[in-house]
Amino acid sequence: MGTILREYWSVIRGGVPDARRAVAGLLRRFVYLHYGLAVLLAFASVKLILSETPVGKLPIPVTLGMIVATIAVSIGWSLHRTRANTSTAAEDRPEVSESADT
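Residues numbered from 1 in each chain as written. Predicted model: local features only at pLDDT ≥ 70, side-chain atom pairs only at ≥ 80, totals over all residues. Heavy atoms only, no water.

Colleague: Any chance you could explain the overall build of the chain here in plain terms?
Modeller: Along the backbone of the chain there are four helices and zero strands. Sequence-ordered secondary structure for the chain, helices as α and strands as β, is α-α-α-α. The buried share among the 102 residues of the chain stands at 10%. Residue pairs at least 24 apart in sequence account for 69% of intrachain contacts in the chain once pairs closer than 6 positions are excluded. When the accessible area of the chain is evaluated, it comes to approximately 8500 Å², of which 68% is carbon and sulfur surface. (Helix = DSSP H or I, 4+ residues; strand = E, 2+ residues; numbered from the N terminus. Buried < 20%, exposed > 50% of the residue type's maximum accessible area, 1.4 Å probe, protein only. Contact = heavy atoms within 4.5 Å. Areas by Shrake-Rupley, 256 points an atom, 1.4 Å probe, with all protein chains shown as cover.)

Colleague: How should I be thinking about the packing of aromatic side chains in this particular structure?
Modeller: Two aromatic rings, taken as a pair, are described by how far apart their centres are and by the angle between their planes. Counting across every chain of the model gives two aromatic pairs. Between the aromatic rings of tyrosine 32 and tryptophan 77, the centroid separation amounts to 4.0 Å while the plane-to-plane angle is 10 degrees, which identifies the pairing as stacked. Of this pair, tyrosine 32 sits in the loop between α2 (16–29) and α3 (33–51) while tryptophan 77 sits in helix α4 (residues 60–92), and the two are 45 residues apart along the sequence. Assessed through its relative accessible area of 39%, tryptophan 77 is described here as partly exposed. Put simply, the rings of Tyr32, Tyr35 and Trp77 touch in pairs and so form one group of aromatic residues. (Phe/Tyr/Trp six-rings, centres within 6.5 Å; stacked < 30°, edge-to-face > 60°.)

Colleague: Can you help me understand a nonpolar patch on the surface in this one?
Modeller: On the surface, Ile60, Leu64, Ile67 and Ile71 cluster together to form a nonpolar patch covering roughly 350 Å² of accessible area. Examined against the element boundaries, leucine 64 turns out to sit in helix α4. (Patch = residues over 30% accessible without salt bridge, like charges linked within 9 Å, V, L, I, M, F, W, Y side chains within 5 Å. Salt bridge = Lys/Arg side-chain N within 4 Å of Asp/Glu carboxyl O.)

Colleague: Sorry if this is basic, but what is going on with the side chain of serine 78 here?
Modeller: With respect to the helices, strands and loops of the structure, serine 78 is situated in helix α4. By relative accessible area, serine 78 is classed as buried at 0%. Within the structure, the side chain of serine 78 is placed 2.8 Å from the backbone nitrogen of tyrosine 32, a separation counted as a polar contact. In contact with serine 78, other than residues within four places in its own chain, are Arg29, Phe30, Val31, Tyr32 and Leu33. (Polar contact = N/O pair within 3.5 Å; in protein donor to acceptor, adjacent residues only side chain to side chain.)

Colleague: Explain α3 here, please?
Modeller: Each α-helix winds once per 3.6 residues, and so residues spaced three or four apart point in a common direction. Along its 19 residues, α3 runs 27 Å from first to last C-alpha, staying within 8% of the 27 Å computed at 1.5 Å per residue. Among all positions in α3, only Gly36, Leu40 and Phe43 are buried. Down the axis of α3, the buried side of the element spans an arc of 60 degrees, and every buried residue falls inside it. Facing away from the buried side of α3 by more than 90 degrees, the exposed set consists of Leu41, Leu48 and Ile49. (Expected span 1.5 Å × (residues − 1). Arc of directions from axis to C-beta.)

Colleague: Would you mind showing me how to read the confidence of the model for the chain here?
Modeller: Regions with low pLDDT should not have their predicted coordinates read in detail. Averaged over every residue, the pLDDT of the chain is 77; residues scoring 70 or more account for 62%. Confidence, expressed as mean pLDDT per element, reaches its minimum in the chain at helix α1 (residues 2–14) with 64 and its maximum at α3 with 93. (pLDDT = per-residue confidence, 0-100.)

Colleague: When you look at the side chain of threonine 63 in this model, what are you seeing that I'm missing?
Modeller: Within the secondary structure, threonine 63 is located in helix α4. A residue is classified by how much of its surface remains accessible, and threonine 63, at 11% relative accessible area, is buried.

Okay, here's the thing in structure tokens:
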């Protein structure tokens, strides 16, 4: 918990450039977010078409549930995938021995 507060404080103290860097780092990890947004766009199109048919409008809780679930799944999938890539990249790095310096 302390590291989160330190990072938050450094963003506040650093101002806009640090906040931009922090957001850019997060956005690099959301590699599948565009798929989630595409699903939401398709859902909005289907919802618009259904509102003009005898089926009628979808209830608001169904719409909000679909939005929240789609964004949560795309962000969760992205974070899981990038975490796996980060751990394998750390394992692939060659080890530096201290005896090489002498």
